[in-house]
Each structure stands twice: as structure tokens, then as C-alpha cells.
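# Results of the structural survey
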Amino acid sequence: MKAITLIAASAVSLAAAAQTPVYLDESAPITDRVADALSRMTLEEKVALSHAQSKFTSPGVPRLGIPELHMSDGPHGVRAEVNWNDWGYAGWTNDSVTAFPALTALAATWNPSLAASYGKAVGEEALYRDKHVMLGPGLNICRTPLCGRNFEYLGEDPYLTGELAVPYIQAMQNQGVAACVKHFAVNNQETWRDNVDVVLSDRALYEIYLPAFRRAVQDGGAWSIMGAYNQIWGEHCCHNARLLNDILRGEWGFDGCVITDWGGAHDTRQAALNGLDLEMGTYTDGLQSDNSLGYEYYYLANPYLDLIRKGEVPMEVVDEKAGHVLTLIFRTAMNRNKPWGSMCTPEHYATAKAIGDESIILLKNNGLLPLLPDKAGRVLVVGDNATRRLTDGGGSSELKPKDYITPLDAIRAKYGAENVAYARGYMAGPPVWGQDIPVPRARLDSMRAEAVAMAKDADVVIYIGGLNKNATQDCEGVDRVKYSLSYDQNTLIDEILDANPNVVIANISGCAYEMPWIKRAPAVMHISYLGTMGGASIADAISGDVNPSGKLPYSIPVRLADCGAHASGQEVCFPGVENAVPDINRGMAPQVEYQEDILVGYRWHDTKKIPALFPFGHGLSYTKFDYGKLTLSDKNLNGDGTLTATISVTNAGPVAGKETVQLYIGDDKCSVLRPVKELKGFEKVTLAPGETTEVTFTITPDDLKFYDPATSQWTVEPGKFTIYIGASSTDIRAKSTFNYSK
Ligand code: BGC
């Protein structure tokens, strides 16, 4: 009898041991899994979860079989493998990828379904490369054309940014790859990015700089977010109590993981208490260089453990942090249902091409475009960017593409190699971190002379210059130092225009630049960095095989002083003043003041009546779109009701095309300053010649609100509002008013 009892008892304990622990049970709620895992972990294991173990990984819990987290930049494709313990490339030969167009290109498509294809494709490549967290998309607002990282963001408007971020994030995360939206928040310049203290009003924060992040969290369900390098209210964003504890977790209910930007943590107490979960990229070896494996020096490593042991960090906080990292691991690395992913597939190339095609913005066209291959004659291509691999450089978003079609190759394929000559015209040095190595003047002069001489013999010139990914061009870590193009390109363009009137300017850049030759140039395209398939998109848009449909996601001011961020001069507004405020661990920090406040981009141009050279939302087509009459479902919007605005659009031209119909709303009279109008909706439609379609927008009171700092609430005042339907922010095709009452 006794023996039977013993056998029965050991059978029970064997069965219990064989039962899957809750933390490994994918059918259990994630909060239960986290609680179970935490209950099995030592304090040291919890602390280990909160800091890096290499440049791009954090440890899991090896004893429990909880895997490491592997991260990668982001946001335009999966970055080549970086060394375990320093920033050098590992030199792998199997880490080439699809280079997708830059996020400014995605923004120029104004097409949320392409944003979804983008997120899906990058997610698939991340899976193939065994990455769990992709460091992107970047959701900072383009405040000034000089910001070195504008090309990694989605333009100057919070609504457009949010509309594109949400599908990108959802489509990526559907496959078990986390998006890490960055850089939270107000990281709008690279100058002094490590510690500049940004001074801005709560209205500017809530109305301009936060909405896209809020949407990424609440509508996109982002699983992780990266703190910015800079400070606000004298506290670094990576451990900023108000930003992370109050706004992100408190107001928005974020349940994901807060990760530092690489090297963005500066203080153990703040890192421990102010909402940070995972510290990455801090320099080890006394925090100055990365030449030793000193991850235990991280703020959230031994110093954090000491604080906990002294009782200065509550255990709930320790569990919360480790729990957020575990949640991220469960959602990604430990997700058994995720697919295998794929790399450089025809579908990925097609996605890259489709985004590129729809991103090209036709700024101006006197009829020279499209340049039909059988009518083009002798074509001369001029410009460094016609052959330069623009995926090199730029900082952390740099990519190693398996394939890269240059514009010159694609133009030669399109027009016949025998008909296309090339003159470089100018050149930039190779991309070297922190430098734009100057090319000797004599060299530039002789290249220019050669191009101008060749332009005289050509029937048409296609000029492909612009910015590049060198420091002080479009590049992380350094802002641009001037609004005009470098390498004497304006002289070159002027002389080419003197030599030949048929010049197509097809410049590549991630942001606005000065165009002093604009009146003389017969046809101008504005093109972002388009990656692997970029050359093909450019040749197709020039030849008319693709009808351009991109619209500017930012304004192009005539001159820098016309941009709100520069209106009050460089001291204070951009980039600010050095040594202005005390810094937690570096003596003094610089400070920048956003004096233009809520009037960013077109909000400034409209309200101050300073016309842009090309306004936000502008972009022409090879066809023509006629807009019909605007009809509102009602003249009154009451309480929490809605009203609809409907307008018809007709393709009145000879070829099929796509038009982005834009809805702006203005508050005609308000007790506080409001922009003349703000983007509240858009829809991209595809129309065959002669075809008409109707576009309907639904307007809710939320679309009318401003942020009231006195009550910390979004509010709307009763009164008259104007609806503007435009082909751009200034090309308004129909207007109507309605009345709002509570
Ligand atoms: C950049 C981030 C990037 C990280 C990792 C930082 O310097 O600001 O955007 O994700 O490095 O490369």
C-alpha cells in the first residue's frame, strides 16, 4: 500500500515537472507569462535584462531558456551586421539586403497602403536576418531643412506622419518583428544632439511633435520606442519622467519597452526611476570609449543593482522594467508563430520600386517632360548622383544593398546606351563619418567645363545632383551647414542652362534646398533616396512610363529665413546657444528654443503669409485633375457628431494618373493663435483618362481641437470653421464653411 502511494506521489511530481511553465505557454496571457518568468528570476537576472550585452543585443535569461533580443537599424532596410562590441562592420558576406526608399520618399507617396507594404517587406527581411527589433520608423517632425536626419523621417506634418507610421508598424509587427519608433521626442536637429535642451510650449509639443508618436503607440500598437538623445525640461529624453512616465505610459497607456538611443542614458537614478527599460549603446570602459567588454559599467547594470540593494529603487519598478523587456522578447524572439521571412525577393524589389515610383515629385514642367524615348535624341546625363550609391553613408540608416540600379544605367537602358552620354559635372568625396571631404576647386572647375561643353552638343540634359549621405549633406550626427547645394552645383546648373535650354533637373535629396535657378529650369523633379530600385523609378518617371504622383511632405522655402525655425536667427532658434543650462554629467548643455511654436512648415508660411517656393502637398502630374463642387452633409456639426465633405475629381488629361486629394481645416476665429489651416485628411486616387471619382472625408470634433495647456486637454471652441480641399496646401480647389456648437 505504502509503495503504491509513493509511486503515485512521484508520478504527480513528474507530471507537474513535465507541465509547461506558464512563461513558455504561448496560449497564456502575456502578463501571466511575464509574472511567471519574474517569479523564477534572481535580481541579477532582472538587472541583466535592462542593459545591452553587445552593440545590438541584450541578454535574455539563459538559465530559463529565454532568448537574447537582436536589434538592427532601421528604418530603410536591415543594416549590415555590426561587430559584437564596436561600431565596425563585421564584414559578413551574407548580409546584403533590399535597400528600400528613404522614409521621406514614403512620405512623398502619401499612400498608407504602400507604407504597409514597406513595413511588411522590411519585417520579412528582418526575420530572415534573425532580427527581433527594427530600429525605426523615425517619426520626428521636419522642423528645418537643415536637420541632417530629415530623410529618415516622414516630413513636417504630424497627421501625414501618423497616417503612414501606423500601417508600417502594424504590417511589420504582424510578423513578430517589433518596430522601435524613434526618437522620442523633439529630436529635430543633429547639432549638439547628445544633450541640447529643447525649450518648447506644451501646445507645440502636443500639437506638432507628439501626435505621430501617440498614433504609433495607440493605433499602431508599437511594441517599443526609442528615447531621443536630446533633453526637454532639463532632463534627457531617455530617462525623462514627464515624457516617459506621465505622457507615454500614463496618458497613452504604452505597454511596450522603452529603449535608449545608443548612448542616450546619462544617470543611474533617472534611468532607474524615470521610465526607461533597456539601456543600449552606452560607451563602456568608464563610459568614454567602447574598447572593452564593460557592460557592467552601464547605468542600468552594476550602479543600478547598487541602488536597488540600497533600497532606493522599489522592487515594483525593477519588475516593471524587466517585465517590459520580457514582454518584448515574448512578442518577438519567443514568438513561435512567426514566419521565416525572406530576402531580396522579387516582391521586395517590386515594393521598393512602387514606393519609389509614387514618391517622385514633379515640381515644375513646361512640357519638356515626359521625355519620350523615341523623341529624346542625344541625351546627356550630368551629375554625381547619377552613379553614386546613395545607400552608403548617412549614419545608422546606411545599407548594404544586394542590388542597386543607378539612374545612369536605367536611363541608358531606357534611351539606348548609344544615345546617352555622361559627364560627372561635379563630385563629392566618399562618405566618411563626420566629414565631407572637399574636392579641389581646380578639379570641380574642369569637371564643370567638360559638362557644359558636352551640354552644347546634346538635345536634352538630365541633371542628377542634389545632396548625398556625406556629413553636412543628409547625414546623421551633423546638420547641413547651408541651405544651398554644395560642390558649386548652382554654378554648374546655371552654366548648363546657358548652354542648353532643355534641361531636366532630377535632383536627389532628403529635404528642401535652395533653387536659385528655378525660374530658368524648364522641368524639375524632387526625388528622395530610393535605394535598390531607385534608378529604374527615376528613368520611368522621366520617360513617362510612370506618371509622377508624389506630393511634397514638407515645404520648400525660397530662402532659409522664410522657414519658421530660422525666422529669429541662429542664436536661440536654430541650432541654439551653447553652454546655456547645467547638464547632469557634462557641465553645461546647449539650448534651443522653438519660437515658431506651433507654426511649423506650411503652418508658418500660411499664417505669416510668407509663400514657399513650393508648398507642402505640391506635386504635378503628366495629366490634369479637375475638382468638382464640394458638398457638406450638413452646415452644422454639433456635440460629438460628424459631418462629411464630398468632392469629385476627374482625370481631365490624356494619361492615367494618381492624385492626392487633401483636406485642410481652419478655425476661423479662436481665442488662441491657430494656423490658418491644418491637414486633417487625404486620399490618393487612381484615375484613367476621363474617369471621375468621389472622395468623401468624415470630420469629427477631434479634427477641430487645439491643445489647451491651461487645462491639459484638447478642446474646441464653438464657431465657424473652413474646409479647404486642395491639390496642395496652397492650390485650394474648393472651400466651404460649417458651424460647430457644443
Ligand atoms: C541613432 C539611432 C540608431 C542607433 C543604433 C543612434 O546613433 O540615433 O537612430 O538606431 O544609433 O545604430
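Values in this document were obtained by computation on a predicted structure and should not be read as measured data. (Residues numbered from 1 in each chain as written. Predicted model: local features only at pLDDT ≥ 70, side-chain atom pairs only at ≥ 80, totals over all residues. Heavy atoms only, no water.)

Once that is clear, we can look at the overall build of the protein chain. Within the protein chain one finds 18 helices and 28 strands. In terms of overall dimensions, the protein chain is globule-like: its C-alpha atoms have a radius of gyration of 27 Å, near the 27 Å expected for 742 residues. Looking at the 742 residues of the protein chain, the share that counts as buried comes to 61%. Long-range pairs, those at least 24 residues apart, make up 75% of the contacts in the protein chain between residues at least 6 apart in sequence. In the structure as shown, the protein chain presents an accessible area of about 26400 Å², 52% of it carried by carbon and sulfur atoms. Both charge centroids of the protein chain, one from 66 positive and one from 88 negative side chains, sit 3 Å from each other. (Helix = DSSP H or I, 4+ residues; strand = E, 2+ residues; numbered from the N terminus. Rg over C-alpha atoms; globule rule 2.2 N^0.38 Å. Buried < 20%, exposed > 50% of the residue type's maximum accessible area, 1.4 Å probe, protein only. Contact = heavy atoms within 4.5 Å. Areas by Shrake-Rupley, 256 points an atom, 1.4 Å probe, with all protein chains shown as cover. Lys, Arg positive; Asp, Glu negative; His and termini not counted. Charge placed at Lys NZ, Arg CZ, Asp CG, Glu CD.)

One finds L106, F184, L200, Y209, L210 and L248 to be the most contacted residues of the largest nonpolar core, which totals 90 residues. Per-domain counts for this core show at least three residues from each of domain 2 (41–80 + 97–331) and domain 4 (623–742). Sequence-distant contacts of Y209, that is, excluding residues within four places in its chain, are made with I141, R143, V186, N188, L200, A204, Y594, E596 and V600. One finds I462, Y463, I518 and M525 within the second-largest nonpolar core, a separate group that totals 76 residues. (Core = buried A, V, L, I, M, F, W, Y, C linked by side-chain atoms within 4.5 Å. Domains from an automatic or database assignment.)

Time to look at the side chain of T646. Tracing the backbone through its elements, the reader meets T646 in strand β21 (residues 643–651). Within the structure, the side chain of T646 is placed 3.0 Å from the side chain of T696, a separation counted as a polar contact. T646 has contacts with K629, L630, T631, E694, V695 and T696, leaving out every residue within four places of it along the chain. (Polar contact = N/O pair within 3.5 Å; in protein donor to acceptor, adjacent residues only side chain to side chain.)

Turning next to the site of the ligand. D73, R149, H183, Y229 and D261 are the nearest of the 15 residues found near the ligand. K182 is positioned with one of its side-chain polar atoms (N or O) 2.9 Å from an oxygen atom of the ligand. A distance of 2.8 Å separates an oxygen atom of the ligand from a polar side-chain atom of Y229. In isolation the ligand exposes 310 Å². Once the protein is present, 98% of that is buried. (Near = heavy atom within 4 Å.)

The next thing to look at is unusual backbone geometry. Following K182, the chain continues to H183 via a peptide bond in cis, the omega torsion being -5°. Tracing the backbone through its elements, the reader meets H183 in strand β4 (residues 178–184). The omega torsion across F574 and P575 is -5°, close enough to zero to call that bond cis. Even without glycine at this site, T472 takes up a positive phi of about 70°. The residue T472 is located in the loop between β13 (460–463) and α16 (489–499) in this model.

What follows deals with helix α8 (residues 211–218). For α8, the buried fraction is high: six of the eight residues fall into the buried class. Every buried residue of α8 is accounted for by P211, A212, F213, R215, A216 and V217. Looking at the packing, one finds that the buried side of α8 touches α6 (158–173), β4, α7 (202–209), β6 (224–227) and α9 (241–251).

Here strand β22 (residues 657–667) lies mainly inside the structure; 10 of its 11 residues are buried. Note that β22 and strand β27 (residues 719–726) share six bridges and pair antiparallel. If you follow D667 over to β27, its bridge partner there is F721. (Pairing = 2+ DSSP bridges.)

As summarised here, the arrangement of the six strands in space is β1-β2-β3-β4-β6-β9, forming an open sheet in which the pairing is mixed. At either end of the open sheet lies a strand with only one pairing partner, and these are β1 (57–58) and β9 (257–259). Relative to β9, β6 is paired through three bridges, and the arrangement is parallel. Pairing of S224 across the sheet is with C257, part of β9. α6 rests against β3 (133–135) and β4 of the sheet, and its axis sits at about 145° to β4. The sheet strands contacting α8 are β4 and β6, and the helix crosses β4 at an angle near 160°. (Axes fitted to C-alpha atoms, helices over the stretch in contact; angles between N-to-C directions.)

Moving on, we get to helix α17 (residues 534–543). Within α17, 10 of the 10 residues are buried, which leaves the element mostly enclosed by the surrounding structure. Among all positions of α17, only G534, G535, A536, S537, I538, A539, D540, A541, I542 and S543 are buried. Considering only its buried residues, α17 is in contact with α13 (346–359), α14 (407–415), β13, β14 (503–508) and β15 (523–527). Phi turns positive one or two residues past the end of α17, at G544, with a value near 95°.

Opposite charge on two side chains permits pairing when their charged atoms draw close. Applying the stated criterion to the full structure yields 51 salt bridges. R603 is paired through a salt bridge with D157; the nearest N and O atoms lie 2.9 Å apart. Note that R603 is positioned in helix α18 (residues 602–607) and D157 in the loop between β3 and α6, a separation of 446 residues in sequence. We note that R603, like D157, is buried. Between D540 and K414 there is a salt bridge whose closest N-O contact spans 2.5 Å. Taken together, the positions of D540 in helix α17 and K414 in helix α14 put the pair 126 residues apart, joining distant regions of the chain. When its relative accessible area of 21% is taken as the criterion, K414 is described as partly exposed. One salt-bridge network, held together by shared partners, links R149, E152, E190, R193 and E476. (Salt bridge = Lys/Arg side-chain N within 4 Å of Asp/Glu carboxyl O.)

The two faces of β13 match: V460 and I462 on one face and V461 and Y463 on the other face are all buried. Alignment of strand β11 (residues 379–382) against β13, held across four bridges, turns out to be parallel. Residue pairing across strands places V379 opposite V460, the latter belonging to β13. With three bridges connecting them, β13 and β14 associate as parallel partners.

What follows is about the layout of surface pockets. Each pocket or cavity is described by its volume, and for the largest pocket that value is around 860 Å³. Lining of the largest pocket is provided by 40 residues; of these, W87, R193, Y229, W262 and Y283 occupy positions nearest its centre. Split by residue class, the lining of the largest pocket holds 16 nonpolar, 13 polar and 11 charged. When residues of the lining of the largest pocket are assigned to domains, at least three map to each of domain 2 (41–80 + 97–331) and domain 3 (360–543). Each pocket or cavity is described by its volume, and for the second largest pocket that value is around 700 Å³. Lining the second largest pocket are 26 residues, and of these P211, R214, K680, D702 and W714 sit closest to its centre. Counting residues per element, the ones that place at least two in the lining of the second largest pocket are α6, α7, α8, β23 (678–687), β25 (706–708) and β26 (713–715). Ranked by the residues each element gives to the lining of the second largest pocket, the list is headed by α8, at five residues. Counting residues domain by domain, the lining of the second largest pocket receives three or more from each of domain 2 (41–80 + 97–331) and domain 4 (623–742). (1 Å grid on protein atoms, 1.4 Å probe; cavity = no way out; pocket = protein on both sides within 12 Å on 5 of 7 lines; lining within 4 Å. Points joined across faces, edges and corners; volume = space filled by probe spheres on them. Nonpolar A, V, L, I, M, F, W, Y, C, P; charged D, E, K, R; others polar.)

To continue, consider the environment of V432. Here V432 is to be found in the loop between β12 (420–423) and α15 (441–457). Given a relative accessible area of 30%, V432 falls into the partly exposed group. For the pair V432 and G393, spaced 39 residues apart in the sequence, the C-alpha separation amounts to 7.1 Å.

Taken together, five strands build an open sheet; the order of strands is β20-β28-β27-β22-β23 and the sheet is mixed. With partners counted over all chains shown, the strands left at the sheet margins are β20 (636–638) and β23, one partner each. With strand direction ignored, the average angle separating the axes of adjacent strands in the sheet is 25°.

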